[in-house]
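Architecture at a glance
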Amino acid sequence: MQFYDKFNICHNFAELLKYLWNVSSHCNAWRQIAREEEKGVYLNFLNFLINDGIYLLDENLNKIPEVKGIEAEMANTAEWEWRPAQERQDRARLFHSLENILRIDMKLGSEDIGMLVFMLEHISAPFLLPEMCMNSPESDGNCKIYF
């Protein structure tokens, strides 16, 4: 469960940063950090947000067919009723569990993207660095921005 805790922590962190953005001293400090650390801490933070957003959205896109499959099984009532009660209960439980995971992870992934948009609107220079762009000789070969 520790792996998923980081996404909830990031959610709280993003909410705090958005709130603090309205405090002028914090806003100025954030801009200064972005300017002075654009290839260090700040770039790492952006990369972290991008990677987490991609991970969450990708994982959810991979879960959707499974949810749709169980949903189709349940919709075929004649076949569904022929299944043993325990199997139906297990499949229904899995369906609801996957639905909850999808809902939460999509919310968190959307918040990551929202935070990136928020940061891009206010401090865009780091997003234009060669390390953040596709097919750049300075990049590490991994495209950071592709969603």
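This is a predicted model, so every value here is computed, not measured.

1. Looking at the overall build of the protein chain
The number of helices and strands found in the protein chain is five helices and zero strands. Beginning at the N terminus, the succession of helices and strands in the protein chain can be written as α-α-α-α-α. Taking all 147 residues of the protein chain together, the buried fraction comes to 35%. Of the contacts formed within the protein chain by residues at least 6 apart in sequence, a portion of 70% connects residues at least 24 apart.

2. Observations regarding helix 2 (residues 24-36)
An α-helical segment advances 3.6 residues per turn. Residues three or four places apart therefore align on the same side. The end-to-end C-alpha separation of helix 2 is 18 Å, in line with the 18 Å expected for 13 residues at 1.5 Å each. For helix 2, the set of buried residues is C27, W30 and A34. Along the axis of helix 2, the buried positions cluster into a sector of 65°, meaning they face one direction only. Seen from the open side of helix 2, the exposed residues pointing more than 90 degrees away from its buried face are S24, S25, R35 and E36.

3. A look at the pattern of salt bridges
A side chain with one charge may pair with a side chain of the opposite charge, provided their charged atoms come close. Under the counting rule described, the total for this entry stands at seven salt bridges. For K68, the salt bridge identified is with E71, shortest N-O distance 3.5 Å. With K68 and E71 both in helix 3 (residues 41-75) and three residues apart, this pair spans about one turn of that helix. Residue class for K68 comes out exposed when judged on its relative accessible area of 51%. A salt bridge links R91 to E73, with the nearest nitrogen and oxygen atoms 2.9 Å apart. With R91 in helix 5 (residues 85-122) and E73 in helix 3, this residue pair connects regions lying 18 residues apart in the sequence.

4. Structural notes on the nonpolar core
Among the nonpolar cores identified, the biggest contains 21 residues, and W30, Y42, L46, M115 and M119 are the most heavily contacted of them. Those elements giving two or more residues to this core turn out to be helix 1 (2-20), helix 2, helix 3 and helix 5. When residues in this core are grouped by element, the largest group, seven residues, is from helix 3. Once you skip the residues sitting within four places of it in the chain, M115 turns out to touch A14, L17, K18, W30 and L49.

5. Points about the packing of helix 3 against helix 5
Following both chains from N to C, one finds helix 3 and helix 5 inclined at 150°, their axes separated by 8 Å at the closest point. One way to sum up the angle between helix 3 and helix 5 is to call them roughly antiparallel. Crossing of helix 3 against helix 5: the hand is left-handed. Class assignment for the residues of the contact of helix 3 with helix 5 results in 23 nonpolar, three polar and eight charged.

6. With respect to the confidence of the model for the protein chain
Of the residues in the protein chain, 86% reach a pLDDT of 70 or more, and the chain-wide mean stands at 82. No element of the protein chain has a lower mean pLDDT than helix 1, at 76, and none a higher one than helix 4 (residues 77-82), at 94.

7. Focus on a nonpolar patch on the surface
Nonpolar side chains collect at one region of the surface, where L16, Y19 and V23 lie side by side and expose about 300 Å² of accessible area between them. Topologically, L16 is positioned in helix 1.

Reading the values: rules and limits
- Residues numbered from 1 in each chain as written.
- Predicted model: local features only at pLDDT ≥ 70, side-chain atom pairs only at ≥ 80, totals over all residues.
- Heavy atoms only, no water.
- Helix = DSSP H or I, 4+ residues; strand = E, 2+ residues; numbered from the N terminus.
- Buried < 20%, exposed > 50% of the residue type's maximum accessible area, 1.4 Å probe, protein only.
- Contact = heavy atoms within 4.5 Å.
- Expected span 1.5 Å × (residues − 1).
- Arc of directions from axis to C-beta.
- Salt bridge = Lys/Arg side-chain N within 4 Å of Asp/Glu carboxyl O.
- Core = buried A, V, L, I, M, F, W, Y, C linked by side-chain atoms within 4.5 Å.
- Axes fitted to C-alpha atoms, helices over the stretch in contact; angles between N-to-C directions.
- Parallel < 35°, antiparallel > 145°, perpendicular 65-115°, else oblique.
- Left-handed = near helix turned anticlockwise from the far one by under 90°.
- Nonpolar A, V, L, I, M, F, W, Y, C, P; charged D, E, K, R; others polar.
- pLDDT = per-residue confidence, 0-100.
- Patch = residues over 30% accessible without salt bridge, like charges linked within 9 Å, V, L, I, M, F, W, Y side chains within 5 Å.
- Areas by Shrake-Rupley, 256 points an atom, 1.4 Å probe, with all protein chains shown as cover.

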